[in-house]
Amino acid sequence: MTTKTALITGTSRAAGLGFAVARQLAELGYHVVLTARDVTRAEPLAEQLRQAGHAATALRLDLTDQASMDEAADHLTRTFGHLDALINNASDMPDFRTLSALGADLDAVRSAMEIDVIGPWGLVQSMTPLLTAAPAARIVNVSSLSALQIAAGLDLGASLRAPAHSMAKYMLNALTTVLARAFAGTPILVNAVDPGDTATHPERGDDDTDRPAAESARGVVWAATLDADGPTGGLFRDGQVHPDGAPRG
Ligand SMILES: NC(=O)c1ccc[n+]([C@@H]2O[C@H](COP(=O)([O-])OP(=O)(O)OC[C@H]3O[C@@H](n4cnc5c(N)ncnc54)[C@H](OP(=O)(O)O)[C@@H]3O)[C@@H](O)[C@H]2O)c1
């Protein structure tokens, strides 16, 4: 039987959502490819999974560097020849304390767009031959409730909280819709998932209401392992159409 493969971006931290997703997919028998812009941070996490008896590899991948994405695709082509799940998990939240579009730092907006939208878009382009070579590949874009301030007029207590992050996630939801259309008629399904507030930064002090990464990861893994009749082009949380707003960006 051919080994299923999954690539997860932004897997540089043991406490991060990406590593929780990688662990759960590894437990399902996937060979997981943990990626980080500094591969020396992903390698110990891959080793931790290997020590637990799973199949895991670490690769360098920087979402602002298209060559690094092409190199990762070349590596997967040589090693496996297919990719069953691509998880666009990496992100940056440069402006959580900014509460209005008028006060937005536009350099932060450019950077967030690069990491959350253009990077994942380029990565999908690099990986398309591998995704197409898999029997039924899944693409999961890890989104955020922040985007729904724009898409659904959700009130987060500011005119626009974290404008760079929120606009980038809004565009990631839109990218999800257009990629789903681009892959229509193929077995490839593309969805966005809001993981919900998650305790991924113990060093900064997570909120008491944040849930464990393993719990949030389940909804991402659900979208990564959908059956053939699963949805495409939607926004979900915990395997349900997002409760707080419109399913599309
Ligand atoms: N945690 C939450 O409460 C929450 C809520 C809603 C949505 N989300 C979303 O869930 C995802 C994971 O959340 P998290 O809190 O675990 O993540 P995070 O710590 O905010 O970031 C995830 C990873 O992105 C990587 N990254 C940043 N810039 C990159 C680049 N240019 N190329 C490649 N990787 C890059 C970081 O790597 P470095 O270590 O190299 O910086 C980090 O490991 C994110 O998309 C986030 O927006 C999280």
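Residues numbered from 1 in each chain as written. Predicted model: local features only at pLDDT ≥ 70, side-chain atom pairs only at ≥ 80, totals over all residues.

**Student:** It is not clear to me how the pairing of strand β3 (residues 56-60) should be interpreted in this structure. Could you clarify?
**Tutor:** Counting buried positions along β3 gives 4 out of 5 residues, so the element sits mostly inside the fold. Handedness of the crossover joining strand β2 (residues 31-36) and β3 through helix α2 (residues 39-51): right-handed. (Buried ≥ 20, exposed ≤ 12 C-beta atoms within 10 Å, placed from the backbone. Helix = DSSP H or I, 4+ residues; strand = E, 2+ residues; numbered from the N terminus. Right-handed = clockwise from strand over helix to strand, strands pointing away.)

**Student:** Which parts of the structure should I look at to understand the nonpolar core?
**Tutor:** Generally speaking, soluble globular proteins have nonpolar side chains that are buried together. In terms of nonpolar packing, the biggest core is built from 74 residues, with A6, V21, L25, V32, L34, I87 and V220 touching the most fellow members. If we skip the residues at most four places from it in the chain, A6 touches L25, Y30, V32, V33, D84, A85, I87 and A224. (Core = buried A, V, L, I, M, F, W, Y, C linked by C-beta atoms within 7 Å. Contact = placed C-beta atoms within 7 Å.)

**Student:** Honestly, the pairing of strand β5 (residues 138-142) in this entry has me stumped. Any pointers?
**Tutor:** The side chains of a regular strand alternate, residue by residue, between the two faces of the sheet. Of all the 5 residues making up β5, 5 are buried; the element is thus mostly covered by neighbouring parts of the structure. Side chains R138, V140 and V142 of β5 all project onto a buried face; the interleaved residues I139 and N141 project onto the opposite face, where all are buried too. The sheet contact formed by strand β4 (residues 85-88) and β5 spans 4 bridges and is parallel. Paired with L86 across the bridge in β5 is I139. As paired elements, β5 and strand β6 (residues 189-193) share 5 bridges and run parallel to each other. Pairing of N141 across the sheet is with A192, part of β6. (Pairing = 2+ DSSP bridges.)

**Student:** What am I meant to see in the packing of helix α1 (residues 17-27) against helix α7 (residues 213-224) here?
**Tutor:** A packed helix pair is summarised by two numbers, namely the angle formed by the two axes and the spacing between the axes. One way to put it is that α1 packs onto α7 with a least axis distance of 8 Å and a crossing angle of 60°. Taken together, the axis directions place α1 and α7 in an arrangement best described as oblique. Note on packing geometry: the crossing formed by α1 with α7 is right-handed. Taken together, the residues of α7 that come into contact with α1 (itself represented by L17, A20, V21, Q24 and L25) are A213, A214, S216, A217, R218, V220, V221 and A224. Residues belonging to the contact of α1 with α7 are distributed by class as follows: 10 nonpolar, 2 polar and 1 charged. (Axes fitted to C-alpha atoms, helices over the stretch in contact; angles between N-to-C directions. Parallel < 35°, antiparallel > 145°, perpendicular 65-115°, else oblique. Left-handed = near helix turned anticlockwise from the far one by under 90°. Nonpolar A, V, L, I, M, F, W, Y, C, P; charged D, E, K, R; others polar.)

**Student:** How do you make sense of the sheet that holds β4 when you look at a structure like this?
**Tutor:** Within a beta sheet, neighbouring strands are joined by backbone hydrogen bonds and run either parallel or antiparallel to one another. The strand order across the open sheet formed by 8 strands is β3-β2-β1-β4-β5-β6-β7-β8, and the pairing between neighbours is mixed. Lying at the two open borders of the sheet, with one neighbouring strand each, are β3 and β8 (240-241). Together, β1 (5-8), β2 and β3 form the strand contacts of helix α3 (residues 66-79), whose direction differs from that of β3 by roughly 150°. Packing of helix α6 (residues 163-182) onto the sheet brings it into contact with β5, β6 and β7 (235-237), and relative to β6 it is tilted by some 165°.

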